[in-house]
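Each chain is listed here by its residues.
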Amino acid sequence: MSDLAGKKVLLGVCGGISAYKVAELARLLVKAGADVKVMMTESGQKFVTPLTFRTLTGNPVATTLWSDPGSPFPHISMSDEADLIVVAPATANIIAKMAGGVADDLLSTTLLAVKSPVLVAPAMNTRMYLHPATRDNMRTLRQRGVVFVEPGDGSLACGDDGLGRMAEPSQIFEAVTRELERSRALEGRTVVITAGPTREHLDPVRFISNPSTGKMGHTLADRAAKRAADVVLISGPTELDCPAGVTLVRVVSADDMSKAVKENLPGADVLVMAAAVADFKPAAVSPTKIKKTDGIPEIDFVPAEDILKSVSKSRGNCLLVGFAAETDNVILNAKAKLVAKKLDLIVANQVDSPGTGFGTDTDLAAVIASESDDVRLSMISKVELADWILDRISDLLSVSR
Ligand code: CTP
């Protein structure tokens, strides 16, 4: 049995017959040492009484926004203190409310004020689970970092047989343990992440760049900060806001990015180069606007510094993670870069197909640690890819500790 001593878990119980199984989940969590607080929707209380959870957890059960004697803002105080929020059983309704940002009762309002990771265990009729609205809502939530414990196949309370049966309490318990471990996995670690494109100016008003939007690097920074890392995000020009708890260094050119990386590398445990850095830059930058009347300019290019390659010599114990944005022979090309740049990990990413590459929410990608890795590309959300990369980084750091 894992040790959850000191962990605060908020359990949101909605209206579904499997609410009775969540009593067993509460028991498992309490037995593992977690401080469990329960919040029930009105429908949830029709299946199991608050007294059941009050008795199992030793804590009062929250049921309303309006008359909590302990706090005038129970949705804020309870979301503030939770290390993890678990919604089980999660009905199609709460999933839709979460996706749409609806806050019309205590649980949905708390989920809108959330700071901690959120784990959702859906339970519903198969047709409701497979309805495009539910699929879309779940996709939206996954992209925001919500983790699902997928329901199983079997006989449902309504008499149907199929997908939609809530995962067993022991499976949800395992997922809780994994998420709580993840949330502290990079504590005390400094992670430097680059993101976005670089701009190589020809003159003050013109530049050469690429279509990178910075989504991957920003997502990685957000997910690393959620694992308690100290994160420095070195970003080329993007439209994105800096994720909460992350130190942002804005840069423009490959030279600026190189300087910022070198300044932040000493003391860093990991450098993740997710940026699409220029390979070439103009040999000279005109200090004034190049005029059309002077004719078509001849521009000489020189190589931009390969940042990863140059820092790999002075890396010390810092793990180096690169990205390989490729249009063909994706895995093969990525493996060649892993070796040439002396990296610990490389993320191979197909960039020329629908739903993958620059500006998308999903990627066709693989994470590779060695030339002999037998890997295949899979289509996953950028959030899931970020978590996958950070899981691999955490494993490597725990070996080298
Ligand atoms: N990279 C870098 N400095 C550069 C160019 C790339 O540090 N001047 C890093 C990228 O951030 C990425 C990795 O190197 O992590 C691979 O980048 P990619 O553009 O895929 O490959 P290149 O090495 O530039 O080679 P090519 O463009 O020929 O595929």
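Check the entry above for the structure.
The following refers to the structure shown. (Residues numbered from 1 in each chain as written. Predicted model: local features only at pLDDT ≥ 70, side-chain atom pairs only at ≥ 80, totals over all residues. Heavy atoms only, no water.)

We now examine the layout of surface pockets. Its boundaries defined by the atoms lining it, the largest pocket holds a volume of some 890 Å³. Put simply, the parts of the chain that give the lining of the largest pocket at least two residues each are helix 10 (215-226), helix 12 (307-311), strand 16 (319-326) and strand 17 (345-350). Looking at the lining of the largest pocket residue by residue, the classes come out as 21 nonpolar, 11 polar and eight charged. Here the second largest pocket is characterised by a volume of approximately 770 Å³. Surrounding the second largest pocket, 30 residues form its lining, Gln143, Arg144, Gly145, Asp222 and Lys226 being those nearest its centre. If you list the elements that add at least two residues to the lining of the second largest pocket, you get helix 5 (92-100), helix 6 (106-112), helix 8 (132-143), helix 10 and helix 14 (382-400). At six residues, helix 10 tops the list of elements feeding residues into the lining of the second largest pocket. Classifying every residue of the lining of the second largest pocket gives 12 nonpolar, eight polar and 10 charged. (1 Å grid on protein atoms, 1.4 Å probe; cavity = no way out; pocket = protein on both sides within 12 Å on 5 of 7 lines; lining within 4 Å. Points joined across faces, edges and corners; volume = space filled by probe spheres on them. Helix = DSSP H or I, 4+ residues; strand = E, 2+ residues; numbered from the N terminus. Nonpolar A, V, L, I, M, F, W, Y, C, P; charged D, E, K, R; others polar.)

Residue position: serine 235 is located in strand 11 (residues 230-235). Among the residues examined, serine 235 registers a relative accessible area of 1% and is labelled buried. Not counting the four nearest positions on each side in its chain, serine 235 is found in contact with Ala195, His218, Leu248, Val249, Arg250, Val251 and Met257. (Buried < 20%, exposed > 50% of the residue type's maximum accessible area, 1.4 Å probe, protein only. Contact = heavy atoms within 4.5 Å.)

Turning our eyes to something else, we now look at unusual backbone geometry. At the junction of alanine 88 and proline 89, the peptide bond is cis and its omega measures out at -10 degrees in the coordinates. Along the chain, proline 89 turns up in strand 3 (residues 84-90). Backbone geometry at lysine 342 places phi at a positive 50 degrees, although glycine is not the residue there. Relative to the assigned elements, lysine 342 resides in the loop between helix 13 (330-340) and strand 17.

Here we come to the site of the ligand. Lining the immediate surroundings of the ligand are 15 residues, of which Met273, Ala275, Asp279, Lys337 and Lys341 lie closest. Between the ligand and phenylalanine 323, the relevant distance is 2.8 Å, taken from an oxygen atom to a main-chain nitrogen or oxygen of the residue. Within the contact set of the ligand, an oxygen atom lies 3.3 Å away from a backbone nitrogen or oxygen of alanine 325. For the ligand, the protein covers 78% of the area, taking 570 Å² as the surface of the free molecule. Comparing atom positions with the cavity grids shows the ligand to sit within the largest pocket. Elements supplying a minimum of two residues to the shell around the ligand: helix 12 and strand 16. For the shell around the ligand, the element with the most residues is strand 16, which contributes four residues. (Near = heavy atom within 4 Å. Polar contact = N/O pair within 3.5 Å; in protein donor to acceptor, adjacent residues only side chain to side chain. Areas by Shrake-Rupley, 256 points an atom, 1.4 Å probe, with all protein chains shown as cover. Sits in = over half its atoms within 2 Å of the grid points.)

Right, let's talk about the pairing of strand 4 (residues 118-122) for a bit. Within strand 4, five of the five residues are buried, which leaves it mostly tucked inside the rest of the structure. Side chains Val118, Val120 and Pro122 project from strand 4 onto one buried face, and the interleaved Leu119 and Ala121 project onto a second face that is buried too. Of the pairings in the sheet, the one linking strand 3 to strand 4 comprises four bridges and is parallel in character. The partner of valine 87 across the bridge, within strand 4, is valine 120. (Pairing = 2+ DSSP bridges.)

With that settled, consider the packing of helix 5 against helix 8. Their axes nearest at 9 Å, the elements helix 5 and helix 8 cross at an angle of 50 degrees. Between helix 5 and helix 8, the angle falls in the class oblique. Of the two possible hands of crossing, helix 5 and helix 8 adopt the one that is left-handed. Residues Ala92, Ile95, Ala96, Met98 and Ala99 of helix 5 lie in contact with helix 8, whose contacting residues are Thr134, Asn137, Met138, Thr140 and Leu141. Across the contact of helix 5 with helix 8, the residue classes break down as seven nonpolar, three polar and no charged. (Axes fitted to C-alpha atoms, helices over the stretch in contact; angles between N-to-C directions. Parallel < 35°, antiparallel > 145°, perpendicular 65-115°, else oblique. Left-handed = near helix turned anticlockwise from the far one by under 90°.)

Now for the nonpolar core. With 34 residues, the main nonpolar core has Leu11, Leu29, Phe53, Val86, Ile172 and Val176 as its most contacted residues. Sorting the residues of this core by element identifies strand 1 (8-13), helix 1 (19-31), strand 2 (35-40), strand 3, strand 4 and helix 9 (169-182) as the ones contributing at least two each. No other element matches the seven residues that helix 1 contributes to this core. Residues in contact with leucine 11, not counting those within four places in the same chain, are Val22, Leu25, Ala26, Val36, Lys37, Val38, Met39 and Val86. Counting 29 residues, the second-largest nonpolar core is a separate cluster that includes Met216, Val347, Ala386 and Ile389. (Core = buried A, V, L, I, M, F, W, Y, C linked by side-chain atoms within 4.5 Å.)

Taken in spatial order, the five strands make up an open sheet running 2-1-3-4-5, and their pairing is parallel. The strands lining the two open edges of the sheet, one partner per strand, are strand 2 and strand 5 (147-148). Relative to strand 5, strand 4 runs parallel, the two sharing two bridges. Bridge assignment links leucine 119 to a residue of strand 5, and that residue is valine 147. Seen against the sheet, helix 3 (residues 50-57) touches strand 1 and strand 2 and runs at an angle of roughly 175 degrees to strand 2.

On to the side chain of asparagine 125, then. Mapped onto the elements, asparagine 125 comes out in the loop between strand 4 and helix 7 (126-130). Taking the relative accessible area as the measure of exposure, asparagine 125 reaches 15% and is therefore buried. Ignoring sequence-local partners within four residues, the contact set of asparagine 125 consists of Leu156, Cys158, Asp160 and Leu163.

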